[in-house]
Amino acid sequence: MSKRYLLRALALALTCLPLAIHAQAESPGKSNAKRSLGSLSFEACSLAAEGMSSAIEAQCTTLEVPENRADSGSRKIKLSLAWIPASADAEPDPIFMIAGGPGQSAIESYPLVHSAFRDVRRSRNVLLLDARGTGGSNPLVCRNAEGDAAITDGDGTEMSVDIDVARDFAKRCADALGAESDLRFYTTSEHIDDIDAVREAIGVEKINLIGISYGTRVAQQYAARYPASTRAVVLDSVAPNSLILGNDHAANLQAALMAQFARCRDISACEKQMGDPAAQLKKVATELRRDDLPSISYRDMTSGEWKQEVPTFGHLALLLRMYAYSPEAAATLPYILFEASSGRYEAMMAQASNLGRSLSEQIYHGMQLSVMCSEDADEFAAREEDRDGVLGTEFIEFAKAQCSAWPRGSRDANFRKPLSGDLPVLLVSGEFDPVTPSRYADEVASNLTNSRALVLPGQGHSVIGIGCMPKLFAQFIETTDAKQLDATCLERLKPLPPFAGAYGWEP
């Protein structure tokens with residue numbers, strides 16, 4: 001399969017928030033207004049995402065911390081911090097949003113979920129700390145031979161992952177970044193210590209955490225290490241501490257796809273006009289694994305320009321993985337597979353190209369490798385039963401190769417131990433999430449006596465902003481009582497019907 005699109009799909013498998021959009025902190029112009037939290041002085045800034053009509057007003061600053069806290073002579077690094085002030089008088093316990101990946105910037109990701117915080121921000125400040133190695137916190141960017149942000153070398157024409165190329169790329173990146181950064185100290189463990197350093201600097205006793213996808217790992221680890229400083233936790237798209245990042249991706253995606261395809265078979269118009277999506281997928285996957293397909297013309301969904309490219313299995317893998325983030329994308333799968341099974345790849349190519357355009361630029365791959373190679377690599381396991389699936393065993397083989405050349409930090413002895421006790425925790429999952437299925441939330445909740453797990457019907461990955469979830473989120477933070485939430489409003493959520501033709505679903 002095309003390395004370029006396969007590896008975008010693999011990187012996407014670890015990501016929590018919608019992609020193909022950039023956010024940045026910008027100068028507000030001539031304003032020199034300064035505000036303070038504790039010992040930290042902030043300056044006005046704005047957060048903006050591509051395509052947004054207006055920017056989000058914020059306050060920004062940096063905090064200097066040791067790269068290696070165990071070494072008094074360690075170099076110092078600056079962490080980027082943004083503060084979204086409460087819209088009214090703020091309670092003393094702010095909310096920290098923790099982004100996913102690993103390798104996503106909290107500040108760059110936040111604009112896309114800002115609406116999910118509209119209710120909770122009435123009484124609480126929101127703090128966004130870029131994890132070290134991401135965003136404005138000493139970013140660890142791996143670059144290819146052309147100087148572009150990337151996760152490996154290659155021109156996109158290869159039909160499978162080249163393990164030697166992947167390993168050499170990681171070695172070259174580690175050597176380049178290692179000249180100014182000790183890559184062993186960019187893991188979850190350091191990130192939670194950095195969060196607590198911010199808590200101390202702003203002078204608050206307790207904080208609330210909302211982690212999304214990989215961010216749920218960070219939140220659980222923080223709550224275990226700093227229980228006295230943790231007031232309440234929200235886990236959106238839950239990754240239990242027992243999860244080895246990458247091991248379950250292929251199987252989870254396959255199971256979620258089959259659940260989605262069953263919906264088409266249950267709707268007469270979809271099945272009659274599109275056929276069985278599972279059978280179509282098998283046919284298309286076999287055809288796309290050939291190495292002699294001709295290039296086709298398709299229209300770019302953003303620019304409208306015509307492009308020429310050879311369709312590959314990597315395009316299909318990216319598209320199937322991406323549906324996790326968008327119910328709208330999931331609804332189109334039967335139509336796209338039907339078209340591709342008839343040799344018409346234009347819709348598949350246009351969607352895959354649009355979805356994968358800027359993935360490499362939004363994942364700080366150096367930080368991603370520092371986390372995975374330190375915390376998961378020694379437990380990577382390729383499963384024979386995954387080989388014929390959409391993602392196969394490519395991710396594990398690729399990650400093993402890169403981690404063999406990457407410096408590794410230490411993993412806490414209690415890292416895999418489940419979070420337990422009576423800490424107030426709200427866990428939310430999407431019914432059709434192929435990245436972090438709802439059984440993961442059930443596993444985490446089983447060890448927490450003051451928790452509740454909610455499943456949003458018909459939804460995918462990262463669901464905190466969907467339907468009435470923002471109100472439930474705010475109510476939980478206000479009361480810290482998940483069990484008393486009236487979550488019946490979630491029952492109004494429904495999956496979008498699958499397309500039964502080029503113009504959408506049947507009325």
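Residues numbered from 1 in each chain as written. Predicted model: local features only at pLDDT ≥ 70, side-chain atom pairs only at ≥ 80, totals over all residues. Heavy atoms only, no water.

## As for the overall build of the chain
Of the regular secondary structure elements, the chain holds 16 helices and 13 strands. For the chain, with 507 residues in total, the buried portion stands at 59%. Excluding contacts between residues fewer than 6 apart, the proportion of contacts in the chain whose partners are at least 24 apart in sequence is 76%. (Helix = DSSP H or I, 4+ residues; strand = E, 2+ residues; numbered from the N terminus. Buried < 20%, exposed > 50% of the residue type's maximum accessible area, 1.4 Å probe, protein only. Contact = heavy atoms within 4.5 Å.)

## Some details on the pairing of strand S9 (residues 230-236)
Walk down a regular strand and you will see the side chains alternate between the two sheet faces. The buried fraction of S9 amounts to seven of the seven residues, a majority that puts the element mostly inside the structure. For strand S8 (residues 207-212) and S9, the ladder comprises six bridges, and the chain directions are parallel. Residue asparagine 208 lies in a different strand from S9, and its bridge partner there is alanine 232. The parallel pair S8 and S9 is bridged by helix H5 (residues 214-225), and the resulting crossover is right-handed. (Pairing = 2+ DSSP bridges. Right-handed = clockwise from strand over helix to strand, strands pointing away.)

## Quick word on the pattern of salt bridges
Counted by the stated rule, this structure contains 32 salt bridges. A single salt-bridge network, built from bridges that share partners, covers Arg217, Glu375, Asp376, Asp378, Glu379, Arg411 and Arg416. (Salt bridge = Lys/Arg side-chain N within 4 Å of Asp/Glu carboxyl O.)

## Focus: the side chain of histidine 191
Considering the arrangement of structural elements, one finds histidine 191 in helix H4 (residues 188-202). Looking at histidine 191, the relative accessible area reads 4%, which means it is buried. If sequence neighbours within four positions are ignored, histidine 191 has contacts with Ile98, Leu129, Ala131 and Val218.

## Digging into the state of the cysteines
By the definition in use, this model includes five disulfides. Shown here is the disulfide that connects cysteine 373 with cysteine 403, its sulfur atoms set 2.1 Å apart. With the S-S bond torsion at -85 degrees, the cross-link from cysteine 373 to cysteine 403 turns out left-handed. Linking cysteine 373 in helix H13 (residues 365-375) with cysteine 403 in helix H14 (residues 394-403), this pair joins segments that are 30 residues apart in sequence. Under the relative-accessibility criterion, cysteine 403 is labelled buried at 2%. Across a sulfur-sulfur distance of 2.0 Å, cysteine 468 and cysteine 489 are joined as a disulfide pair. For the disulfide bridge between cysteine 468 and cysteine 489, the dihedral angle about the S-S bond is near 80 degrees, and by the sign convention the bridge is right-handed. (Disulfide = S-S within 2.5 Å.)

## Considerations on helix H16 (residues 469-479)
Along H16, the positions that sit buried rather than exposed are Met469, Pro470, Leu472, Phe473, Ala474, Phe476 and Ile477. Buried-residue contacts for H16 involve strand S6 (95-98), S8, S9, strand S12 (425-430) and strand S13 (451-456). Once H16 ends, the next one or two residues include threonine 480, with phi positive near 55 degrees.

## Quick notes on the packing of aromatic side chains
Evaluated as defined, the whole model comprises four aromatic pairs. Seen from their ring centres, phenylalanine 117 and phenylalanine 473 are 5.4 Å apart, and the 85 degrees between their planes marks the pair as edge-to-face. Of this pair, phenylalanine 117 sits in the loop between helix H2 (106-109) and strand S7 (126-129) while phenylalanine 473 sits in helix H16; the two residues are 356 residues apart in sequence, bridging distant segments of the chain. On the basis of relative accessible area, phenylalanine 473 is assigned to the buried category, the value being 0%. Members of the aromatic cluster, each reached through a chain of ring pairs, are Tyr110, Phe117 and Phe473. Here the basic side chain of arginine 289 rests over the ring of phenylalanine 313, its NZ or CZ set 4.0 Å away from the ring centre. (Phe/Tyr/Trp six-rings, centres within 6.5 Å; stacked < 30°, edge-to-face > 60°. Lys NZ or Arg CZ within 6 Å of the ring centre and 35° of its normal.)

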